[in-house]
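So the chains spell out like this:
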Amino acid sequence: MLEPPITTANTVLCLMAVDYPANKVACYVSDDGCSPLTLYSLTEASKFARFWIPFCKKYNIQVRAPMLYFSGYSASSPPSNISSEIFQAEERKMKEEYEKLKEKIEDAVQGKIPIDLSGDYAVFANTEKNNHPAIVKVIWENKERISNGLPHLIYVSREKRPNHQHHYKAGAMNVLTRVSGVMTNAPFTLNVDSDMFINNPKIIQQAMWKLSYEEMKRRFGNSTKLIKLATQTLSVESDTKVDQPEDLSSCIEMACQVASCDYELETAWGSEVGWMYGSITEDLVMGMKIHSQGWSSVLYLPDPPAFIGSAPPGGPIVTIQKKRWATGQLEVLFSRNNPILLAVKAKLKLRQCLAYIFILMWCVSALPELLYSLLPVYSIVTNSHFLPKVGEVASVLVVALVLIQNIQTFTFSMGHGQSLRKCWNTIRMNRITNVTGNLFAYLTWILKLFGISEAVFEVTKKYHPTISDREGAYAGRFSFDDSAMYVPITALLFLHMTVLAMPFLGLRPLNDVVGHGPGLFEYGVSAYMVLSYWPYVRGLFGKGKYGIPFSTKCKAALSVLIFLLLCRLLG
């Protein structure tokens with residue numbers, strides 16, 4: 001349900017269809033759920049791939065995930081030497097075949113087609129998600145090693161046992177590294193999520209030429225002949241072979257061995273080799289580890305973009321994901337992988353260190369922001385102020401700081417092609433994230449710090465917008481559930497709406513002393529917070545999944561009463 005097999009199948013299909021010699025590509029799918037449905041979906045997708053991949057390459061289709069192609073994401077036209085009638089006929093045929101594939105997979109997911117746990121699926125009998133042996137299946141093998149065929153497709157589910165630490169995604173990536181090492185031994189890897197579709201089929205060619213050629217030129221100098229000899233090894237036309245077995249099936253036993261859960265015991269995996277352990281944000285730790293060893297990285301932004309993914313507009317999925325990222329950032333910030341320590345003890349450069357600190361500090365602002373969000377409410381309720389009054393000299397500094405901050409944010413965002421509306425959405429999402437996901441990340445990290453509980457890698461459901469999500473009455477609306485993460489922000493919204501309504505409702509502050517009360521800035525901050533939380537204002541009156549649950553409103557109202565009582569005691 002969280003990662004639908006049809007989505008995974010589409011990702012695999014577009015990966016297998018890249019414009020790169022098929023004899024130099026192997027696609028490995030890591031299934032940490034050990035689901036026979038995933039293997040069944042990939043097997044059926046490989047059958048469809050025999051028609052789909054030649055079609056894509058024949059007509060130079062750009063978006064090669066059929067889910068997106070047939071939903072009208074990218075329109076294609078036939079080459080000039082092929083009539084549109086022939087193209088349309090083949091396109092209709094491909095759509096019919098894809099609908100058959102989709103129906104088979106959906107029927108299997110819904111249980112309409114029972115999967116017989118025998119033959120290739122016998123290994124799934126009597127298995128549990130977190131208690132099963134290593135499973136490696138060669139779904140498709142390019143036995144002839146032809147460049148215009150289909151790449152290898154291998155299913156991998158690493159061994160899991162209840163008494164073994166599995167290190168979440170980093171552990172899965174290390175298993176893939178070892179399995180691919182004993183099976184195909186390719187010098188480069190490309191890692192994508194199950195809902196990350198290739199948008200540019202030439203991205204591997206472009207990236208290899210751009211990470212490889214420039215580096216060779218720097219290493220070997222300006223000798224044209226020397227560079228030509230070096231680049232031939234990695235070029236698309238090269239016939240250079242890497243050390244690979246003749247038959248992939250002969251490597252399955254060895255692949256299962258390196259995918260076992262105890263293979264890493266007393267080894268350097270996770271500490272010196274492969275993806276680093278110690279944080280649920282394995283990509284951040286891995287990046288710092290690579291840079292601290294003296295390597296450089298290149299940001300390559302081709303046109304069209306290399307990949308496209310799916311992201312929800314807002315709601316539980318976003319909140320959980322932000323909490324997971326923030327928890328991982330706190331784990332890294334207060335660990336031996338801290339960028340400051342790596343800059344002192346290793347080869348992390350100063351600018352790299354500053355960049356990582358900037359990223360890791362995103363979540364640290366959650367607690368201060370919560371306190372600052374409460375300050376204007378406290379000031380208005382107790383008839384006090386924490387900001388200078390309009391007309392005072394200090395007010396110029398406040399206005400200047402606000403203007404500089406917002407001008408810098410808008411300039412940076414618009415410089416990257418974002419509209420004013422997207423800039424504003426980014427700003428208010430920062431406000432929302434800090435008092436939801438980031439705030440609860442503090443709690444998760446503190447519980448781990450004191451050994452009460454471990455941080456858990458929470459898998460988020462893959463989101464694919466429907467027509468109603470894009471065009472209906474609820475287009476762009478946040479969705480909600482009864483998670484405790486929505487209580488603080490709902491309580492803050494109640495507080496700011498209450499203090500803004502106090503003058504209109506005739507409510508008087510606790511200490512009604514003339515001249516010492518809040519000024520325009522305190523009310524301005526409260527109004528700004530309400531505007532930032534506007535998706536939650538709509539959620540107060542929404543229905544179904546687009547409305548904040550009644551239980552959350554009750555808990556938030558109770559929190560408001562407790563805060564007002566504290567204001568009375570302290571004021």
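What you are looking at is a predicted structure, and each value in this text was computed from that prediction instead of being measured.

**Quick look at the packing of aromatic side chains**
Consideration 1: For the coordinates displayed, the defined rule picks out 20 aromatic pairs.
Consideration 2: Ring centres of Y121 and F124 lie 6.4 Å apart, and the angle between their planes is 35°; this geometry places the pair in the tilted category. We note that Y121, like F124, is buried.
Consideration 3: Grouping aromatic residues by their ring pairs yields a cluster made of F48, W52, F55, Y59, Y69, F70, F87 and Y98.

**Structural notes on empty space enclosed by the protein**
Consideration 1: Following the criterion strictly, the structure yields 1 cavity of 30 Å³ or more and no others.
Consideration 2: Taken as a whole, the largest cavity encloses approximately 60 Å³ of empty space.
Consideration 3: In terms of lining, the largest cavity is formed by G314, G315, V318, T319, K322, M429, I432, T433, T436, F478, Y486 and Y536.
Consideration 4: Residue assignment for the lining of the largest cavity shows that the elements contributing at least two residues are helix 10 (316–333) and helix 15 (420–434).
Consideration 5: When the residues that make up the lining of the largest cavity are grouped by side-chain class, the tally is 6 nonpolar, 5 polar and 1 charged.

**A look at the UniProt feature "coiled-coil region" (unreviewed entry) in the protein chain**
Consideration 1: Mapped onto this numbering, the UniProt entry annotates "coiled-coil region" (unreviewed entry) at residues 84–111.
Consideration 2: For residues 84–111, the helix share is 93%, the strand share is 0%, and the end-to-end C-alpha distance is 40 Å.

**Regarding the sheet that holds strand 2 (residues 135–140)**
Within a sheet, neighbouring strands are paired by backbone hydrogen bonds and run either parallel or antiparallel to one another.
Consideration 1: Strand order in the open sheet formed by 3 strands is 1-3-2, and the pairing between neighbours is mixed. A strand with exactly one partner marks an edge of an open sheet, and here the two such strands are strand 1 (26–30) and strand 2. With direction set aside, neighbouring strand axes in the sheet form an average angle of 20°.
Consideration 2: In this sheet, strand 3 (residues 152–157) lies alongside strand 2 in antiparallel orientation, the contact comprising 5 bridges. Bridge pairing in strand 3 links V136 to V156.
Consideration 3: Of the strands in this sheet, strand 1, strand 2 and strand 3 are in contact with helix 2 (residues 36–58), which crosses strand 2 at around 20°.
Consideration 4: Of the strands in this sheet, strand 1, strand 2 and strand 3 are in contact with helix 5 (residues 168–183), which crosses strand 1 at around 145°.

**A short note on the pattern of salt bridges**
Consideration 1: Applying the stated criterion across every chain, the model contains 15 salt bridges.
Consideration 2: Two residues, E90 and K58, come together in a salt bridge whose shortest N-O distance is 2.8 Å. Of the two residues, E90 is situated in helix 4 (residues 84–109) and K58 in helix 2; the sequence distance between them amounts to 32 residues.
Consideration 3: On the accessibility criterion, E90 (27% relative accessible area) is partly exposed.
Consideration 4: A relative accessible area of 42% places K58 in the partly exposed class.
Consideration 5: The shortest N-O distance in the salt bridge between E264 and R178 comes to 3.0 Å. You can see E264 sitting in the loop between helix 8 (252–258) and helix 9 (282–292) and its partner R178 sitting in helix 5, a full 86 residues away along the chain.
Consideration 6: The exposure class of E264 is buried, given its relative accessible area of 16%.
Consideration 7: Shared partners join several salt bridges into a network, and the residues in it are D19, R64 and K202.

**Overview of the packing of helix 19 (residues 520–532) against helix 20 (residues 534–541)**
Consideration 1: Viewed as axis vectors pointing N to C, helix 19 and helix 20 meet at an angle of 65°, and their least axial separation amounts to 4 Å. Considering their axes alone, helix 19 and helix 20 lie roughly perpendicular with respect to each other. Contacts from V530, L531 and S532 in helix 19 reach W534, P535 and V537 in helix 20.
Consideration 2: The residue makeup of the contact of helix 19 with helix 20, split by class, is 5 nonpolar, 1 polar and no charged.

**Regarding the UniProt feature "binding site: Mn(2+)" (unreviewed entry) in the protein chain**
Consideration 1: Within this numbering scheme, the UniProt entry marks K169 and D193 as carrying the feature "binding site: Mn(2+)" (unreviewed entry). Sequence-wise these annotated residues cover 25 residues; spatially they are packed, their C-alpha atoms never more than 10.7 Å apart.
Consideration 2: Note on placement: K169 falls in helix 5.
Consideration 3: The exposure class of K169 is partly exposed, given its relative accessible area of 25%.
Consideration 4: Locating D193 in the fold gives a position in the loop between helix 5 and strand 4 (197–198).
Consideration 5: Setting aside residues no more than four positions away along its own chain, D193 makes contact with T11 and K169.

Rules used in this analysis
- Residues numbered from 1 in each chain as written.
- Predicted model: local features only at pLDDT ≥ 70, side-chain atom pairs only at ≥ 80, totals over all residues.
- Heavy atoms only, no water.
- Phe/Tyr/Trp six-rings, centres within 6.5 Å; stacked < 30°, edge-to-face > 60°.
- Buried < 20%, exposed > 50% of the residue type's maximum accessible area, 1.4 Å probe, protein only.
- 1 Å grid on protein atoms, 1.4 Å probe; cavity = no way out; pocket = protein on both sides within 12 Å on 5 of 7 lines; lining within 4 Å.
- Points joined across faces, edges and corners; volume = space filled by probe spheres on them.
- Helix = DSSP H or I, 4+ residues; strand = E, 2+ residues; numbered from the N terminus.
- Nonpolar A, V, L, I, M, F, W, Y, C, P; charged D, E, K, R; others polar.
- UniProt positions renumbered as here; feature names shortened; annotations may be inferred.
- Pairing = 2+ DSSP bridges.
- Axes fitted to C-alpha atoms, helices over the stretch in contact; angles between N-to-C directions.
- Contact = heavy atoms within 4.5 Å.
- Salt bridge = Lys/Arg side-chain N within 4 Å of Asp/Glu carboxyl O.
- Parallel < 35°, antiparallel > 145°, perpendicular 65-115°, else oblique.

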